[in-house]
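Now for the letters of each chain:
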Amino acid sequence: MIFKGLNKYLSFSSLIILGLTATLLISLPAISQPANITLRDLAQEQNFHIGAAVSIKALRNDPTYREVLAREFNMVTPENVMKFKPIHPERDRYDFTAANEIVAFAKANQMQIRGHTLVWHRSLPDWLTETEWTREELMEILRRHIFTVISHYRGDIYAWDVVNEAVGGKDSLRKTIWQQGIGSDYVELAFRWAHEADPQALLFYNDYDGEGLGEKSDAIYSLVKDLLAKDVPIHGVGLQMHKSIKNPPKPEDVATNIKRLGELGLEVHITEMDVQIHNGTGTQEERLVKQAKVYQDILGVCLKAPNCTAFVTWGFTDKFTWIPRAFGQPDFPLIFDKSYRPKPAYQALVEVLSTANH
């Protein structure tokens, strides 16, 4: 694989020299490998989805962003523009403009689309949160929102994150406008409504800190198992995987959790992966190597599990990432740097996909 990496960075003049030097070509057999091998190429050989969340600002304004996105990935997730507030800014008005742009880009480049997200306790408009609603009114608002958004994209969206981050603590749901205004059955209702709106779409429950073994993942497991017992149409669980090199997930625990979800008949997607390095130790180079190991481990676990069918990073370039803004300090959590140069994490993913047998 070292020669694949070398080939990727050879200049045009270097290639001419190599082409004129037969003996050197013979001594470097890996040079015959495609110079433009990509994550997308490797993933498609495995019948696997490799994806990234998409910033609408970057998609609109940065040609390199668009080029790398289409080249490297076969799946996209709208980062923010399908959330309730931007897509449903007034009670009787929807704004699909930005989301439509991402969907159009994905379709033009033969990429699958994960819809994100229909039901969440954040990114809600003032008209919704600043009014007192009866249970019946709130149910109708949520039902209509789900039907309107899914119907608009029926046939275009491969999978939906129907409910996002609903689990609060052990065996309990987070107290949100939906849980308190409708009741805990809002989760069940949301999945049923989503399935009615598009029976062909895969429907996922999505959450953070539930990838390994512990109280949170047990609560998620109990929730989805209970939904299945009620014949609720749920097809998978999304493991967000916002992690850091200081406290990385244990691959063996992630594998065990994915396996038990598979035994329920559920798919698993890694849905929002990024790996912070600011709180780690060592030089910048050492921290980037540690970061690469986290990416490598998680993709490796996913590829070994027959029910883990997608690996999506939350963005793909450090030029556009939510981490520094959220944590108030510089960080470099993604697989390309700010100049779109592949980092060790990118090379680690290439290595895993190159040797996998999914």
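Worth saying up front: this structure is predicted, and the values here are computed from it rather than measured.

Chemist: Is there a simple way to explain the pattern of salt bridges in this structure?
Modeler: Close approach of charged atoms allows side chains with opposite charge to pair. Scanning all chains against the criterion turns up 21 salt bridges. A salt bridge links Glu90 to Arg93, with the shortest nitrogen-to-oxygen separation between them at 3.3 Å. Note on Glu90: relative accessible area 42%, which makes it partly exposed. Relative accessible area serves as the criterion here: at 34%, Arg93 is assigned to the partly exposed category. Here Lys216 and Asp207 are joined by a salt bridge, their closest N and O atoms 3.3 Å apart. Summarising the burial analysis for this pair, Lys216 and Asp207 share the class buried. Within the structure, one salt-bridge network assembled from shared partners comprises Glu188, Arg192, Asp226 and Lys230.

Chemist: I keep staring at helix α14 (residues 251–263) and nothing clicks. Help me out?
Modeler: Each turn of an α-helix holds 3.6 residues, which means side chains three or four residues apart point in the same direction. The first and last C-alpha atoms of α14 sit 18 Å apart over 13 residues, in line with the 18 Å expected at 1.5 Å per residue. If you check which residues of α14 are buried, you get Val254, Asn257, Ile258, Arg260 and Leu261. Buried residues of α14, seen end-on, are gathered within an arc of 160 degrees and therefore sit on one face of the element. Exposed side chains of α14 directed beyond 90 degrees from the buried face belong to Glu252, Lys259 and Glu263. The inward-facing, buried residues of α14 contact α13 (215–229), β6 (236–239), β8 (267–276), α15 (284–304) and β9 (308–313). Following α14 by one or two positions, Gly265 adopts a phi angle in the positive range, close to 90 degrees.

Thresholds, definitions, all that
- Residues numbered from 1 in each chain as written.
- Predicted model: local features only at pLDDT ≥ 70, side-chain atom pairs only at ≥ 80, totals over all residues.
- Heavy atoms only, no water.
- Salt bridge = Lys/Arg side-chain N within 4 Å of Asp/Glu carboxyl O.
- Buried < 20%, exposed > 50% of the residue type's maximum accessible area, 1.4 Å probe, protein only.
- Helix = DSSP H or I, 4+ residues; strand = E, 2+ residues; numbered from the N terminus.
- Expected span 1.5 Å × (residues − 1).
- Arc of directions from axis to C-beta.
- Contact = heavy atoms within 4.5 Å.

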